[in-house]
Amino acid sequence: MKTTISFSAPAEVETESLVAVVLDHAEPATNESASKEKDKKPELKLATADLAVQSAAADLLASGEVTGKPFETTLLHKPAGVKGKRLLLVSGGSAKKFSSYDLRRVAGTAVRTLKSRGIRSCAFIAPPLRPELDPPPSKEGLISEVAVRAIVEGAQVGNFDPDYYRSDRKDQKIDAVTIITSGDKAALERAASEAQIVGESQNFTRDLVNEPSNRMTPTILAERAKKMSAEVGLKCEVYGADKIKELKMGAFWSVAQGSDEPPALIVMKYEPTGAPEKPVLGLVGKGITFDTGGISIKPADGMEKMKSDMAGGATMIGAMRAIALLKLKIKVIGIVCATENMPSGKAQKPGDVQIAMSGKSIEIINTDAEGRLVLADGLYYARQLGCTHLVDAATLTGAVVVALGYNNVGIFANDDAMYERFRSANGKAGEKMWRMPLDDEYKENIKSSIADIVNSGGRWGGAINAAMFLKEFAEDTPWIHLDIAGTAWTEEQKPWIAKGPSGIALRSLVEFVKGLAG
Ligand code: BES
Ligand code: MN
Ligand code: ZN
């Protein structure tokens, strides 16, 4: 998808379809007026100062046919007084609350609406954002850059469909988006091309996650990481079973030993010239290419979704791609522990004791709690390689889905300063995350009577118990854990994103690394 910045008057732009955002300027209901909510009329206006475009939509808006509900779309043909062949109106909800978070989704909705009609290009009128909701990127930076970024990222995400294996797929997509805005052209073009990199990387991750386990084995995942690394100038080493055993990664190996499919320890290094010695950020991803549960086998119902259990790893591979292409001035090491979790005659069994690379002994209570095992060695190895800060991402627990549903990533941190930085990054990236506790009291839950810790702390507080387990291996290194089990896969079709892999957390990671790089 190509993007162009245009300063032309929207009505003058020749395009297959102009896109304008509709906002509701009616005062939001107060408590007293809530009962009258039903009678309240929306006050819909286009988010553009262009009088010709406003007048082209005036009759439609006056007709009451447009309700202004978020993501409602209306397509007008041959809009009067406008050079575009069509005018697509996308509702963004309340004008007072409209932020870049909504704009991303509005852009995705526009792209999905148009491409499903066979349209290949469009021109998006960037709506003004409110500085109180979207602070400008810097003192010199303009809020219109924030809007451009949101539109490009949202459009990229909307443009992706996981229909690769369908023989009736139509390959409908938007090839070119023009963004009509104002400001400093060079800065806006930079914002657009950075957002392109981020959006493409997110789709790269989604593509990896979408692949079924027979076509995305640890070996294939490693090959994809290698190929990408060669393209963007990253160092990438892939290690097999021998090296995993030689490094004494007993926790990682305990999962890998049960599978006929060879495991892969993927290590990507980004060491740009001119980057300071420190910090060195470690990005560690869970790369279970299929999780059957092992001997503690999962029920058949829904097991097919466990092909996405490498989403954390895919997120780190995609993030490394974006970081390298954005040429951020910071050292980053990406580590993905990739293996299947299978039952077999060689598989580990409940009750087994494993020694992790750090030397800690682990009593295996449930072989389905395998993600934390591979990450334990991944995190420890990252520290051995010199990482001063760690972030991991993993589809780690069903319990995080019970706690937060499908709308928030569970975020855990052993360091408040690092958490604050990450929180600000995920705000800018438009990804929802909710902090969960990691108090020492929870450590009780992972005590073992015969080893240092157990790998499963039971049902209550399951996401926290899993994070407490990981904390044992991050030790005193500032660390953030992202449990993306509820958010890596979208079960429902949304107007702005296809059903399937979401690519969640990648944008926050990239924004966080940008902040660290200063
Ligand atoms: N991969 C699963 C977690 C998961 C669940 C991801 C639902 C995506 C959707 C993980 O390996 C797992 O099986 N966790 C167990 C842990 C338990 C045995 C302590 C779980 O959450 O049930
Ligand atoms: Mn599992
Ligand atoms: Zn798993």
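The structure contained in this document is the topic of the report that follows.

## Quick word on the site of ligand 1
For ligand 1, the set of nearby residues contains 15 residues, the closest of which are K298, D309, D368, E370 and G398. One of the side-chain N or O atoms of E370 is found 2.8 Å from an oxygen atom in ligand 1. One nitrogen or oxygen atom from the main chain of L396 is found 3.5 Å from a nitrogen atom belonging to ligand 1. Compared with its free state, where it exposes 510 Å², ligand 1 has 77% of that area covered by protein. In terms of residue class, the shell around ligand 1 is built from three nonpolar, five polar and seven charged.

## Quick notes on the coordination of the manganese ion (ligand 2)
Protein coordination at the manganese ion (ligand 2): the donors are D291 (OD), D368 (O), D368 (OD) and E370 (OE), at 2.0 to 2.2 Å from the metal. Given six donor atoms and angles of 70 to 168° at the metal, the environment of the manganese ion (ligand 2) is assigned as irregular. Sequence positions of the residues that donate to the manganese ion (ligand 2) give the spacing D-x76-D-x1-E. Between the two metals, the manganese ion (ligand 2) and the zinc ion (ligand 3), the spacing is 3.1 Å, and D291 donates to both. Taken together, the positions of D291 in strand β10 (residues 280-291) and E370 in the loop between β13 (361-363) and α9 (371-384) put the pair 79 residues apart, joining distant regions of the chain. In this structure D291 comes out as buried when scored by relative accessible area, which is 3%.

## As for unusual backbone geometry
The amide bond that connects K278 to the next residue, P279, takes the cis arrangement and shows omega of -5°. Relative to the helices and strands, P279 resides in the loop between β9 (264-270) and β10. One non-glycine residue, D171, adopts positive backbone phi at about 50°. With respect to the helices, strands and loops of the structure, D171 is situated in the loop between α3 (143-159) and β7 (176-180). Despite not being glycine, A505 shows a phi value in the positive range, around 85°. On the basis of relative accessibility, which here comes to 0%, the residue A505 falls in the buried class.

Conventions we followed
Residues numbered from 1 in each chain as written. Chains lettered and ligands numbered in written order. Predicted model: local features only at pLDDT ≥ 70, side-chain atom pairs only at ≥ 80, totals over all residues. Heavy atoms only, no water. Near = heavy atom within 4 Å. Polar contact = N/O pair within 3.5 Å; in protein donor to acceptor, adjacent residues only side chain to side chain. Areas by Shrake-Rupley, 256 points an atom, 1.4 Å probe, with all protein chains shown as cover. Nonpolar A, V, L, I, M, F, W, Y, C, P; charged D, E, K, R; others polar. Donors = N, O, S within 2.8 Å, 3.2 Å for Na, K, Ca; no water. Tetrahedral: all angles 85-135°; square planar, octahedral: opposite > 155°, others 65-115°. Helix = DSSP H or I, 4+ residues; strand = E, 2+ residues; numbered from the N terminus. Buried < 20%, exposed > 50% of the residue type's maximum accessible area, 1.4 Å probe, protein only.

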